[in-house]
Amino acid sequence: MDIERLTIRGAGMTLILRTPTWAPLLLIGMLTTGLVQSPIPASAPRGFWALSENLTAIEGATVELQCGVSAPGSMVQWAKDGLLLGPNPRIPGFPRYHLEGDPVKGEFHLHIEACDLSDDAEYECQVGRSEMGPELVSPRVILSILVPPKVLQLIPEAGSTVTWVAGQEYVITCVSGDAKPAPDITFIQSGKTVSDVSTNVNEGSQEKLFIMEATATVTPQSSDNGQLLVCEGSSPALDSPIKASVTMNILFPPGPPVISWPGLEEGHVRAGQNLELPCTALGGNPPATLQWLKNGEPVAIAWGTEHAQAVAHSVLVMTVRPEDHGARLSCESYNSVSAETQKRNIILEVTFPPSAITILGSTSQSENKNVTLCCVTKSSRPRVLLRWWLGGRQLLPTDETVMDGLHGGHISMSNLTFLVRREDNGLSLTCEAFSDAFSKETFKKSLTLNVKYPAQRLWIEGPPAGQYIRTGTRVRLVCLAIGGNPDPSLIWYKDSRTVTEPRQPQDPRPVQLGSLEKSGSTISRELVLIIGPSDNLAKFSCKAGQLSASTQLVVQFPPTNLTILANSSTLRPGDALNLTCVSISSNPPVNLSWDKEGERLQDVAAPAQSAPFKGSAASRSVFLRVSSRDHGHRVTCQAHSAELRETVNSFYRLNVLYPPEFLGEQVLVVTAVEQGEALLPVSVSANPAPEAFNWTFRGYRLSPAGGPRHRILSSGALQLWNVTRADGGLYQLHCQNSEGTAEALLRLDVHYAPSIRALRDPTEVNVGGSVDIVCTVDANPILPGMFSWERLGEDEEDLSLDDLEKTSKGSTGRLRIHQATLAQAGAYQCIVDNGVAPAARGLVRLVVRFAPQVDHPAPLTKVAAAGDSTSSATLHCRARGVPNIDFTWTKNDIPLDLEDPRYTEHTYHQGSVHSSLLTIANVSAAQDYALFTCTATNALGSDHINIQLVSISRPDPPLGLKVVSLTPHSIGLQWKPGFDGGLPQKFHIRYEALEIPGFLYVDVLPPEATTFTLTGLQPATRYRIWLLASNALGDSGLADKGIQVSITTPGLDQTPGDVDHQLPTEQPPGPPRSPLLPVLFALGGLLLLSNASCVGGLLWRRRLRRLAEEISEKTEAGSEEDRVKNEYEESQWTGDRDTRSSTVSTAEVEPYYHSMRDFSPRLPPTLEEVSYPQGIEDEDLAFPRHMYDEVERAYGPSGAWRPLYDEVQMDPYDYRWSEAKYEDPRRIYDKVAADVDTVEPSSLPFELRGHLV
C-alpha cells in the first residue's frame, strides 16, 4: 500500500507522520462518501494550495482567478484594489463576478464574465479566521485588461468612394476608438504601405484608454482607380487588424455593348442553370456605365472597369427559372458624354424539368390489404412520362393523365392500386419521371412502405444469477425482443417500480436508461447501473406488451456511512475525550479500528444496531487525553473488510484551546533596503487565533491602526514602507488570545546605498613622491570588494590603474600612488557599490607639483620688428609647472625695468600652463635689438629661454627639403619654412635635368604652402631641385645644402615608391617649360620699366604719401583696453601652423622663428611718436617708420593668432582668414612688394635694408 509523508512542525518539535494515500479521500461531514484533497504546491504561499499568477485578458473575455485554500471551513472573500467583495459566492453589486469551485475542497475561484476596463485592478484572496486556521491574505494578482479599438473613423468617410485627380496630394485622417494600449495605424494604398504618415496619441474617453490619430498624405496615380485606400489598426488585443477603407475613383465614351453567350445556340438555356453573361464596352473616360435589363426592367446595375485595357464590363449573373422562358435580356452602355444609349438584346428559351413530384395517399397498411396512391408532377417543358417501382420491381399504373402547366409547360399524373404483404415492409415505393430532353437525369419521389404485424419473443441478458457484485461496479442489463412492427416498447422495473434516469445530477448512483435500438428484427433496450447498497437482492424486470422477464443481483458493499460521536466539543490541554465509531450497514460485516495521526489506539466494542439494505452493522469506542500539540490532529476510525479488501475511513478533528506559541520557523532577522518595504512575519500557533498583535520599537508601541509608514496585517505581521536606516533595530512582538499571551524579539537590518563622506579634493603630491587618495563612505552592508577606482581622461593608456595599489578596510578605500609622474595627474573617480543602488561616485583631482619647464622652440628664438621708434614688438614666453609660476625678464643679462612705460607685461595662468607676454613699444634699433631672457620660477625650481629681437630682413632658407612621393612624371616635395625676416615670404622651385642644359623655375602656390608636386617630368631622368624663400627684401639664396635634393624619376616599367603623406597642393600637369620663357619674360619686363619709369616715379610718391596717412590714422585708432584684450586672446594659440606669425612654438619642432606681422597690438600714441605732415614733398621723400610693418599691423589677419594654450589639436596647414573684419593681406603685401621691387636697394631707407644693427 502506498504511503504519503506529511510533516507537522510545532513549538520545539517536528513530527514525521506516515498516513495511507487514501486518508484524504473522506469528506468533511457526516453523510458524504469522500472528497479528494488537492495537494499543496511547493510554490504557493502558506495557507494556499492554488493561486493565479498575474494575468492579461482581452476585453469581453472570461477570466478565472484561482484561490485554493488549505482550510476549507474558513470564510473566503476577494478584494479588488483594496475593496472587499464579500464572501457571498454571487458577489452582490458585481453581476459579472461570482465564485466558482467546491468550498468543501477549499476552492474559491473568482470568475469574471465579459471583462471590461473596470476589471483592470489588483486582486487579493483573503481567508478569514476560523477553527481551521488563522486569517490569510494572498499576494496581489494584477489583472491587466487589453481593450481593442472598436472602430476606425476615416476622413473622408469609410466605405465611400472618393474622386481624386491623379498626381495631386490629398490628406486622409484615420482616428481609432478608445483602446488600451494605443493601436498602431497603417495606411495601405492599392496594397502598398503609405510612408508619409504622422501620428498623435491622445487620451481616451476614460482613464487608461488612448486614441490614436494618424494623418497620411497620398498622391494617387491612374493605377489607383478602383483600388482601396485602407486604414489598418493593429493591437495586441486584436486577433487580426481592424480596417476601414475608401475606394479611389479616377473616369472614357464607351463603344457598343458586346454580350458573350456561353453556348452555341444563343438564347437556349436550362432552368436551374447559373447563367453568367459578360457585357463589355471598350474605352471611356469617365468609365462606361453598363446596365442589364430584363423585359425592360433593370436587373443588374453593377459594372467594373479594367484601366489597363480601358474596358468597362458588367456580368449578369442569374439562376435561370422556368418563368424566364421568353424573357428579353438587354445590356445598355452609356456615360456622361454619350449621345444616346446603346443596347444589345437576347431572347431566352428555357427548358425545365418538373420542380417537384408528389405522391398522394398513405403507405402504412396492415398486411394483406390494398394501398391506393397517386403521383403528380409540377409543370415541365417538354412533358415527362411516369412509372412506378416497388423495390426493384416495376408496377403497372391504373391510369395516366397530362395537363397544361405554367410557363408553357405540362403536368403529368399517374394512379396506382396494389396488395401489400409482410415481406414488403420497409421497401421503397418510387414514382419516376423521365423524358428524352432530360436523358441524363431522372426525377424521383420515394416513400417507404410500412406493413404492420405483431412482436415475438422477450428475454434479459446480464450477470448470472447468484454472482457477487461489488458496490460501484457498472452493471449492464439488456432486454431483447424479436419481431413486431411497429417496434414494441420495452419498460424496466425495479421491485415493481418503473426505472427512470435520476433527475438530480448529484445522485451518487447514476442510472443510464438506454433508448430502443433495432438490429434486424431484434429490438433491445439496455439498463446501465452503478451498483449501490440499495441494489442488494433487488428484482429487475422488463416488460413488452404481455411478455415479461426478470433477474436478481447480490451486492457486496462497504459501510454506507461511518459516523463518529464525541462526548465533548470544547477541549483544553489535559481534558478527556470519548469517541464512538458507528458503521451503519455493510455486506459482508467489517472490522473497526482507531488511530491518531498514524498511531494505533486501544478501543472497546459498543452495542450493535439494525442495518438497512439487508446488510450488517458495527460500533467501537476510544478514550483520549488531549494536549496543545493535538490541536488540529485527526482521530481516524477505519472500517476494514477482508473479503472486499477495502477500508473506509472517517476522522474527528481535535479542537484544543491553548494560548499563543511561537513556531520553530519564526523569522528573527529581517533584511530590507532603504526606501523599500519590509515585512516582519509572524509564525505563531494559537487556538483561538490571537486577538491582538502589539509591536514595540525602542520602547514605543506602534499603533495597531497603522501609521504613515507602517501597518499591522491581519496575520499579525508588521509591514513597513519607505524604510530608513533609523528603522533598523529590535522589534518586540506581544501576542494574546483568550487562553494566554506570548512574546518574541525580531531584528530589522536596513541596507542602504553608499554615500561618500570624505574625499580630499584636490590631492597634491610632488613628482616622484607617494600619496594616498582616501575615499570614506557610509553604507550598509560593508563589503570587502565594494571600492573601485577609475581614471578619467581621453588617452586610453592613461586610463589604466593596474600599476596602482588599491586597498580597502571597512568603510574606507585607498588608491596609493608611488613615485608620482606628471602623466598620473588628472581626475580620478572613486566608485562604491555594495549591491544597493545607486553606486556612489566621487571625483578627486590629483595635482602633481613639478618645477617650471619653459618651452624651448630653438636655442635662439628670433622676433623681427622695425627699429624706427614707432613700431612695437611682443615677446612670448610659455612654461608649465605646479604651483603657479612667476616670470622675470632680462635684456642682455640685465634685469628689465618693467616700470618703464615702453615695457608692458601680461601674465596668464591656465591649469599647469603659464605664459608671459612682454610688449615693447616704440622699438628702437639702438636700444632694443638685443637678447631678451625670460625666467620662470616656482617653489620647486626655475627655467629660462632666450629671445633675440632683430630687424626685418631677407628670409632664412627653408628647412628639411625632402621627397615624399615619386612617379615617372612627378616629384612630391615637402619642407619646413625658415624665419621669414618679418615679411610675407613665398617659395620658388628651381630644377634642372642633368642631361638637358638650363634651369626651370616654378612658383609655389598658394604662397604659404609647404608641400608641392612638381609635374611634367620625364621618366628615368635625374633631376636636381633647389628651393628658395623670398620676401620684399630678397631671397634666401642657394648656399644652404639643405635646400636642394637630387632624385631620379623611375621608368615607366618601374613601381613608384611609397608615399608617406598625400600632399594638398599640386601643380597642374602640363608640358615642361621651355628655358627661353624666363628670358622672354625678363626682356618684356625691362621694356615696360623703361617706358614707365617717368610715370612710375610720380605714382610711387603719391602712393607712399597716401599709405603713410592711412598708417598713421590706423595706428592711432586703438585703445589700451583693446590692446590688452587682443594680447590675451591671441596669446592662447600654440603650434607650428604659421611660421610667419608666432613668437611661441612647441619644443617638438625644429628651429622656428617669429615676426611681428601676425601679432600687432594697437597702442595709444606716446611722447616718443613723431607727428607727420599730411603732405610729403617730392624732393624730401622719407619713411618715418617701417612701411611694411605698419601695413601688416593695420591689416593683420584676425585668424593669425589662435588661443595660445588651446588643447584642441589643429591642422598645421589650416590657413583660414576671417573675411568679416579684414581684407586679404596678401593683396596689400603683393602691391607693396611690387612697388619696392622697382626701387634700387640703395635708395631704400635704413629701416628697409634689413641689416642687423
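Basis of the calculations
- Residues numbered from 1 in each chain as written.
- Predicted model: local features only at pLDDT ≥ 70, side-chain atom pairs only at ≥ 80, totals over all residues.
- Heavy atoms only, no water.
- Helix = DSSP H or I, 4+ residues; strand = E, 2+ residues; numbered from the N terminus.
- Buried < 20%, exposed > 50% of the residue type's maximum accessible area, 1.4 Å probe, protein only.
- Areas by Shrake-Rupley, 256 points an atom, 1.4 Å probe, with all protein chains shown as cover.
- Disulfide = S-S within 2.5 Å.
- Salt bridge = Lys/Arg side-chain N within 4 Å of Asp/Glu carboxyl O.
- Contact = heavy atoms within 4.5 Å.
- Polar contact = N/O pair within 3.5 Å; in protein donor to acceptor, adjacent residues only side chain to side chain.
- Phe/Tyr/Trp six-rings, centres within 6.5 Å; stacked < 30°, edge-to-face > 60°.
- Lys NZ or Arg CZ within 6 Å of the ring centre and 35° of its normal.

Draft legend 1. Representation of the overall build of the protein within the structure. When its secondary structure is counted, the protein shows five helices and 94 strands. Buried residues in the protein amount to 43% of all 1253 residues. By element, 51% of the accessible surface of the protein is carried by carbon and sulfur atoms, the whole surface being about 64800 Å².

Draft legend 2. Structural context of the state of the cysteines. Summed over the entire model, instances satisfying the criterion amount to eight disulfides. Between the sulfur of Cys581 and that of Cys637 lies a disulfide, 1.9 Å long from S to S. As the torsion about the S-S bond is roughly -85°, the Cys581-Cys637 disulfide counts as left-handed. On the criterion of sequence distance, the pair formed by Cys581 in strand β54 (residues 576–586) and Cys637 in strand β59 (residues 634–641) is long-range, its members being 56 residues apart. The disulfide that involves Cys775 links it to Cys830, with 2.4 Å between the sulfurs. Every disulfide takes its handedness from the sign of the S-S torsion; for Cys775 and Cys830 that torsion is -90°, giving left-handed. Residue Cys775 is found in strand β72 (residues 771–780), and its partner Cys830 is found in strand β76 (residues 826–832); the two are separated by 55 residues along the sequence. By relative accessible area, Cys775 is classed as buried at 0%. A relative accessible area of 0% means that Cys830 is categorised as buried. Distance from the sulfur of Cys374, which forms no disulfide, to the nearest cysteine sulfur (Cys375) is 7.3 Å.

Draft legend 3. Molecular detail of the pattern of salt bridges. Scanning the entire structure with this criterion turns up 39 salt bridges. Lys208 is the partner of Asp120 in a salt bridge, and the nearest nitrogen-oxygen pair spans 3.1 Å. Linking Asp120 in the loop between β10 (109–112) and β11 (121–127) with Lys208 in the loop between β19 (197–203) and β20 (210–218), this pair joins segments that are 88 residues apart in sequence. Residue classification places Asp120 among the buried residues on the basis of a relative accessible area of 12%. Accessibility expressed as a relative area gives 36% for Lys208, which makes it partly exposed. We note a salt bridge from Glu526 to Arg476, for which the minimum N-O separation is 2.5 Å.

Draft legend 4. Geometry of the environment of Gln126. Note that Gln126 resides in strand β11. On the accessibility criterion, Gln126 (19% relative accessible area) is buried. It is 8.5 Å that separates the C-alpha atoms of Gln126 and Met75, two residues lying 51 residues apart in sequence. In contact with Gln126, other than residues within four places in its own chain, are Met75, Val76, Gln77, Ala79, Leu84, Leu136 and Val137. A distance of 3.3 Å separates the side chain of Gln126 from the side chain of Glu124, its partner in a polar contact.

Draft legend 5. Region of interest: the packing of aromatic side chains. This model, assessed by the stated rule, comprises seven aromatic pairs. Here Tyr991 and Tyr1023 contribute two aromatic rings whose centre-to-centre distance is 6.2 Å and whose plane-to-plane angle is 55°, an arrangement assigned as tilted. In this pair, Tyr991 sits in strand β88 (residues 986–993) while Tyr1023 sits in strand β91 (residues 1022–1031), placing the two residues 32 residues apart along the sequence. Both residues of the pair, Tyr991 and Tyr1023, belong to the buried class. Arranged with centres 5.6 Å apart and planes meeting at 65°, the rings of Phe999 and Trp1026 form a pair that is edge-to-face. Highlighted residues: Phe999 in the loop between β88 and β89 (1000–1003) and Trp1026 in strand β91, separated in sequence by 27 residues. For Phe999, a relative accessible area of 32% corresponds to the partly exposed category. When the ring centre of Tyr752 is taken as reference, the NZ or CZ atom of Arg725 above it lies at 3.6 Å.

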